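Read off the chains here:
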Amino acid sequence: QYREMQERFSRPGVYFPTETMRDLAFGVSSMPIRDQLYFRTGLARLADKLEEKLRWGLDEPVRLGRNDIVVSHYEMLNDAVVLEGFVSAEARQFPFKALFDLNSPDSNMVFVPTETEREPSDDQLYELRQLNERIGYYGGEVIIEPTPTPAPIPEPDDSVPMPDPTPVPVPMPDPTPVPPVVIVTPTPTPPVVVVTPPRGRRGD
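Peer 1: Can you tell me about the packing of aromatic side chains, naming the residues and giving the values?
Peer 2: Enumeration according to the criterion identifies 2 aromatic pairs in this entry. Between Tyr 137 and Tyr 138, the aromatic rings sit 5.2 Å apart at their centres with planes inclined by 80°, giving edge-to-face as the arrangement. The exposed category is assigned to Tyr 137, whose relative accessible area is 66%. You can call Tyr 138 buried: its relative accessible area is 10%.

Peer 1: Give me the lowdown on the environment of Val 71, citing residues and values where you can.
Peer 2: Relative to the assigned elements, Val 71 resides in strand S1 (residues 69-77). In this structure, the C-alpha to C-alpha distance between Val 71 and Met 21, residues 50 residues apart in sequence, is 6.2 Å. Residues within four places of Val 71 in sequence aside, it is in contact with Tyr 15, Thr 18, Thr 20, Met 21, Leu 83, Glu 84, Gly 85 and Phe 96.

Peer 1: Which residues make up helix H3 (residues 122-137), and what values go with them?
Peer 2: For H3, with 16 residues, the first-to-last C-alpha span of 23 Å sits near the 22 Å given by 1.5 Å per residue. For H3, the complete set of buried residues consists of Gln 124, Leu 131, Asn 132 and Ile 135. Buried positions in H3, seen along its axis, are confined to an arc of 100° and lie on one side of it. Facing away from the buried side of H3 by over 90 degrees, the exposed positions are Asp 122, Asp 123, Glu 133 and Tyr 137. The inward-facing, buried residues of H3 contact S1, strand S2 (80-89), strand S3 (92-101) and strand S4 (109-111). Just downstream of H3, Gly 139 is the residue with a positive phi angle, here 100°.

Peer 1: Outline the confidence of the model for the chain, supporting the account with residue identities and numerical values.
Peer 2: Across the chain, pLDDT averages 79, with 66% of residues at or above 70. Every residue in residues 145-151 is under pLDDT 50, and counting partners more than four places away or in other chains gives 0 contacts.

Peer 1: Give me the lowdown on unusual backbone geometry, citing residues and values where you can.
Peer 2: In this structure, Asp 59 is a non-glycine residue whose phi angle is positive, near 55°. Under the relative-accessibility criterion, Asp 59 is labelled exposed at 69%. The backbone phi angle of Glu 90 is positive, close to 55°, even though this residue is not glycine. In this fold, Glu 90 is placed in the loop between S2 and S3. Assessed through its relative accessible area of 45%, Glu 90 is described here as partly exposed.

Peer 1: Describe the sheet that holds S1, listing the residues and the values that go with them.
Peer 2: Spatial strand order, S1-S2-S3-S4: 4 strands in an open sheet with antiparallel pairing. The sheet terminates laterally at S1 and S4, the two strands that pair on one side only. Taken pair by pair, the neighbouring strands of this sheet meet at an average axis angle of 15°, ignoring direction. Note that S2 and S3 share 10 bridges and pair antiparallel. Bridging from a neighbouring strand, Val 82 pairs with Leu 99 of S3. Together, S1 and S2 form the strand contacts of helix H1 (residues 19-28), whose direction differs from that of S1 by roughly 35°. Helix H2 (residues 33-58) rests against S1, S2, S3 and S4 of the sheet, and its axis sits at about 140° to S3.

What counts, and where the lines are drawn
- The written sequence of each chain sets the order in which its residues are numbered from 1.
- This being a predicted model, a pLDDT of at least 70 is required before a residue's local features are given, and a value of 80 or more before pairs of side-chain atoms are given or counted; all residues contribute to the totals for chains, interfaces and linings.
- Excluding hydrogens and water, the side-chain figures rest on all heavy atoms present in the structure.
- Here a Phe, Tyr or Trp ring, Trp counted by its six-membered ring, pairs with any other such ring whose centre lies within 6.5 Å, and the pair is stacked when the planes are under 30 degrees apart, edge-to-face when over 60, and tilted otherwise.
- Relative accessibility under 20% of the residue-type maximum defines a buried residue, over 50% an exposed one, and the middle range a partly exposed one, all with a 1.4 Å probe and only protein chains included.
- Runs of E in the DSSP output that reach at least two residues are strands. Runs of H or I that reach at least four are helices, and both are numbered from the N terminus.
- Between two residues, a contact is recorded if the distance between any of their heavy atoms is within 4.5 Å.
- Helix span, expected: 1.5 Å multiplied by one less than the number of residues in the helix.
- The directions from the helix axis to the C-beta atoms form the arc being described.
- Every residue gets a pLDDT, meaning the predictor's confidence in that residue, from 0 to 100.
- The pairing criterion for strands is at least two bridges between them, as found by DSSP.
- In this analysis, axes come from line fits to C-alpha atoms, helices being fitted only over the stretch in contact, and the angle between any two N-to-C directions falls in the range 0 to 180 degrees.

The structure is reproduced here in structure tokens:
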């Protein structure tokens, strides 16, 4: 009935064989054949869609090769599967998040931001919000951290007097007067004159 299951997979080797991918394949194998077919179709379309979005975001040709898509997390929902991981392209890695609709593969969604060094744009945030709403519709739990609101800047209170920014001059102390220096000139001492009496002749 589902002849597509016998056809060759269109993107062989593009998914890295992680343990998460192995566990996911084991869980899908217990699903009805139709769900397995839609999941298989979703894997091929996810690779094509990632190439398309990366090509558009990077503005250069992108062709995913072997092991370029890594699935690091998955969640089985009611009629849907959520995949998360990263894709390698142009020596860079880009995170992605995808939803496989097991009722209609045409309704699959994928989000991959290409501007990893800047904040996401408004269009990207809108696209991510739509994806999370679809995940919540199928019973998934989406945790969205609220954006912190900056504290309001208080208005200046006119009733409180503002200090005068003009510096107050500091009085300088009066200098201590220095007493005058009196220089005393010593009185010269008169020379001492020694008078020696004349000596008489011996025998007189």
